[in-house]
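What the coordinates show
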Amino acid sequence: EHDAERDPDATPAAPGGTGFSFEEAVAFTQPDAGYTGFPAVIRFRAPMPVRPSAAVTLQTPSLRIGGRPGVILDFGTMGADPCLTLAGSDQQLVGLELAGCDGALVQLAASGARLLDVHARGATGTGVDVVANQCRLGPGLIVEGMGAHGIHLGKSDGTLILGTVI
């Protein structure tokens, strides 16, 4: 289990604490932190549940988060809406399971966002909220057990949905 950890000024070379957490990796790759190694990639070495302590907004353009079987971003009963926001252009989530959230689970808020081989489940609100153009859902996107819409297409001109199960 990898709960939230936020060591000040953590880097991949000097993570501190119990290692480089998901929240530390996100903070390290944000443009306001001075990250210049584009494109940024966050990967998980092993299957694990990850429980962010707050809503996550990804701002870095072209950021890619790559999971593997057993990697679960679990927002539990977090009251955020949305719990995870892809706010930088051309971001990708690949091979992750997203769970929980008392609002929208994931919002695609910048053009070119992609969800590939993602399993989204168990939010009380909308599973995937698309509010940007030219996004791509699938292949391999599974959205199930949502309290509201599985997928909501707001501003979504040019969005492509392939191989998706709702």
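Look up a bit, the structure's there.
Read on for a plain summary of the structure. Treat the numbers as computed from the prediction; the structure is a model and nothing was measured.

Focus on the overall build of the chain
Helices and strands together make up the secondary structure of the chain, namely one helix and 18 strands. Buried positions account for 45% of the 166 residues belonging to the chain. Across the chain, the fraction of contacts at a sequence separation of at least 24, relative to all contacts at a separation of at least 6, is 40%. Surface summary for the chain: the accessible area is close to 7600 Å², and the carbon and sulfur share equals 50%.

Here we look at the environment of Arg45
If you trace the backbone, Arg45 turns up in the loop between β2 (41–43) and β3 (48–51). In this structure, the C-alpha to C-alpha distance between Arg45 and Gly66, residues 21 residues apart in sequence, is 10.0 Å.

Regarding the state of the cysteines
One pass over the structure, following the stated rule, counts one disulfide. Put simply, Cys83 and Cys101 are joined by a disulfide, and their sulfur atoms are 2.1 Å apart. Across the S-S bond linking Cys83 and Cys101, the dihedral sits near 90 degrees, which makes this disulfide right-handed. Taken together, the positions of Cys83 in the loop between β6 (71–74) and β7 (84–86) and Cys101 in the loop between β9 (97–99) and β10 (106–108) put the pair 18 residues apart, joining distant regions of the chain. The same class applies to Cys83 and to Cys101, which are both buried.

Focus on the pattern of salt bridges
Evaluation of the coordinates by the stated rule reveals one salt bridge. A salt bridge links Glu97 to Arg121; the shortest N-O distance between them is 2.2 Å. Here Glu97 is found in strand β9, whereas its partner Arg121 is found in strand β12 (residues 119–121), with 24 residues between them in sequence. Residue Arg121 is classed as partly exposed on the basis of its relative accessible area, which comes to 31%.

A word on the nonpolar core
Leu84, Leu93 and Leu115 are the most contacted members of the largest nonpolar core, which totals 41 residues. Secondary structure elements with two or more residues in this core: α1 (22–29), β3, β4 (56–58), β6, β7, β10, β13 (128–130) and β15 (141–144). It is α1 that provides the largest number of residues to this core, a total of three residues. Among residues more than four places away in sequence, those in contact with Leu115 are Leu86, Leu93, Val106, Leu108, Val128, Arg136, Leu137, Gly138, Pro139 and Leu141.

Digging into the pairing of β3
Where burial is concerned, the two faces of β3 differ: the one with Met48 and Val50 is buried and the one with Pro49 and Arg51 is not. Bridging between β3 and β6 involves three bridges; their strand directions are parallel. Pairing of Pro49 across the sheet is with Ile72, part of β6.

Points about the sheet that holds β7
Sheet architecture is open: five strands sit in the order β4-β7-β10-β13-β16, paired in parallel fashion. Two strands bound the open sheet, and with one partner strand each, they are β4 and β16 (151–153). Neighbour-to-neighbour, the strand axes of the sheet open up by a mean angle of 10 degrees, direction not taken into account. The sheet contact formed by β7 and β10 spans three bridges and is parallel. Across the sheet, Leu84 pairs through a bridge with Val106, a residue of β10.

The rules behind the values
- Residues numbered from 1 in each chain as written.
- Predicted model: local features only at pLDDT ≥ 70, side-chain atom pairs only at ≥ 80, totals over all residues.
- Heavy atoms only, no water.
- Helix = DSSP H or I, 4+ residues; strand = E, 2+ residues; numbered from the N terminus.
- Buried < 20%, exposed > 50% of the residue type's maximum accessible area, 1.4 Å probe, protein only.
- Contact = heavy atoms within 4.5 Å.
- Areas by Shrake-Rupley, 256 points an atom, 1.4 Å probe, with all protein chains shown as cover.
- Disulfide = S-S within 2.5 Å.
- Salt bridge = Lys/Arg side-chain N within 4 Å of Asp/Glu carboxyl O.
- Core = buried A, V, L, I, M, F, W, Y, C linked by side-chain atoms within 4.5 Å.
- Pairing = 2+ DSSP bridges.
- Axes fitted to C-alpha atoms, helices over the stretch in contact; angles between N-to-C directions.

Interpretation note: all reported values are geometric properties and have no functional meaning in isolation.
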